Amino acid sequence: MIATTPLLAAGWNDQQRAAFQAQMSAWQKDEVVGVLFALFLGTFGAHHFYLRRTGLGILYCCFFWTGLPTLVSMIEAFFMPERVREYNAQLAAYIAAQMGTVTPAVAVYSRACPACGSTINADANFCSICGSKITK
Ligand SMILES: [Zn+2]
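So, here is what we can say about the structure in this document. (Residues numbered from 1 in each chain as written. Predicted model: local features only at pLDDT ≥ 70, side-chain atom pairs only at ≥ 80, totals over all residues. Heavy atoms only, no water.)

### Overview of the overall build of the chain
And step 1. Helix and strand counts for the chain stand at six helices and two strands.
And step 2. Along the chain, helices (α) and strands (β) appear in the sequence α-α-α-α-α-α-β-β when read from the amino end.
And step 3. Looking at the chain alone, contacts between residues at least 24 apart form 43% of all its contacts between residues at least 6 apart. (Helix = DSSP H or I, 4+ residues; strand = E, 2+ residues; numbered from the N terminus. Contact = heavy atoms within 4.5 Å.)

Take a look at the structure:
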């Protein structure tokens, strides 16, 4: 289930929505998995690697023998659901932005001239073909 679909997706067509959902389900992280990593593999910073905080993960690995990362990650386990939601929200915004540049939604504003039936600009005051005044 994807709870982080951004509002800017409102103007998307079905194809764009499907592409977005596919990207999200492939990349988004799971809150439960995040908590489990922190609880059972937190000693080695697994929960940090999971959310692509590689620097922190490496730091935990370096100091695992002190036992300190184990203690810290037990506490962090409580904050993991929020961190995972944050990560997914950022991911959703990133994917949406990427898609926005790839497939810009070009809206075509046009209408038919009531006098001659030619396709004209929707906000035109006069028909560019026959010159009659357009009443809105
Ligand atoms: Zn016209």
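The structure having been displayed, the exposition proceeds.
### What about the packing of aromatic side chains?
And step 1. For the structure on display, the rule yields two aromatic pairs.
And step 2. The aromatic ring of Tyr50 is capped on one face by Lys29, whose charged end is 5.0 Å from the ring centroid.
And step 3. Seen from the ring of Phe126, Lys133 lies directly overhead, with NZ or CZ sitting 5.3 Å from the centre. (Phe/Tyr/Trp six-rings, centres within 6.5 Å; stacked < 30°, edge-to-face > 60°. Lys NZ or Arg CZ within 6 Å of the ring centre and 35° of its normal.)

### Regarding the coordination of the zinc ion
Ideal geometry at a metal centre gives angles of 109.5 degrees when four donors are arranged tetrahedrally and 90 or 180 degrees when six donors are arranged octahedrally.
And step 1. Here the zinc ion is held by the protein donor atoms Cys113 (SG), Cys116 (SG), Cys127 (SG) and Cys130 (SG), which lie 2.2 to 2.3 Å from it.
And step 2. Here the zinc ion is ringed by four donor atoms whose angles at the metal span 104 to 114°, and the overall shape comes out tetrahedral.
And step 3. Mapped onto the polypeptide sequence, the residues donating to the zinc ion form the spacing pattern C-x2-C-x10-C-x2-C. Of this pair, Cys116 sits in the loop between β1 (110-112) and β2 (119-121) while Cys130 sits in the segment after β2, and the two are 14 residues apart along the sequence. (Donors = N, O, S within 2.8 Å, 3.2 Å for Na, K, Ca; no water. Tetrahedral: all angles 85-135°; square planar, octahedral: opposite > 155°, others 65-115°.)

### Brief notes about the pattern of salt bridges
Two side chains that carry opposite charge are able to pair once their charged atoms sit near each other.
And step 1. One pass over the structure, following the stated rule, counts two salt bridges.
And step 2. In this structure, Glu31 and Arg85 form a salt bridge, with 3.2 Å as the shortest nitrogen-oxygen distance. Taken as a pair, Glu31 in helix α2 (residues 31-40) and Arg85 in helix α6 (residues 80-102) lie far apart in primary sequence, 54 residues in all.
And step 3. For Glu31, a relative accessible area of 30% translates into the label partly exposed.
And step 4. Note that Arg83 is salt-bridged to Glu76, the shortest N-O span being 3.2 Å. (Salt bridge = Lys/Arg side-chain N within 4 Å of Asp/Glu carboxyl O. Buried < 20%, exposed > 50% of the residue type's maximum accessible area, 1.4 Å probe, protein only.)

### Considering unusual backbone geometry
And step 1. The phi dihedral of Arg52 falls on the positive side, at around 60°, and the residue is not glycine.
And step 2. With relative accessibility at 58%, the residue Arg52 sits in the exposed group.

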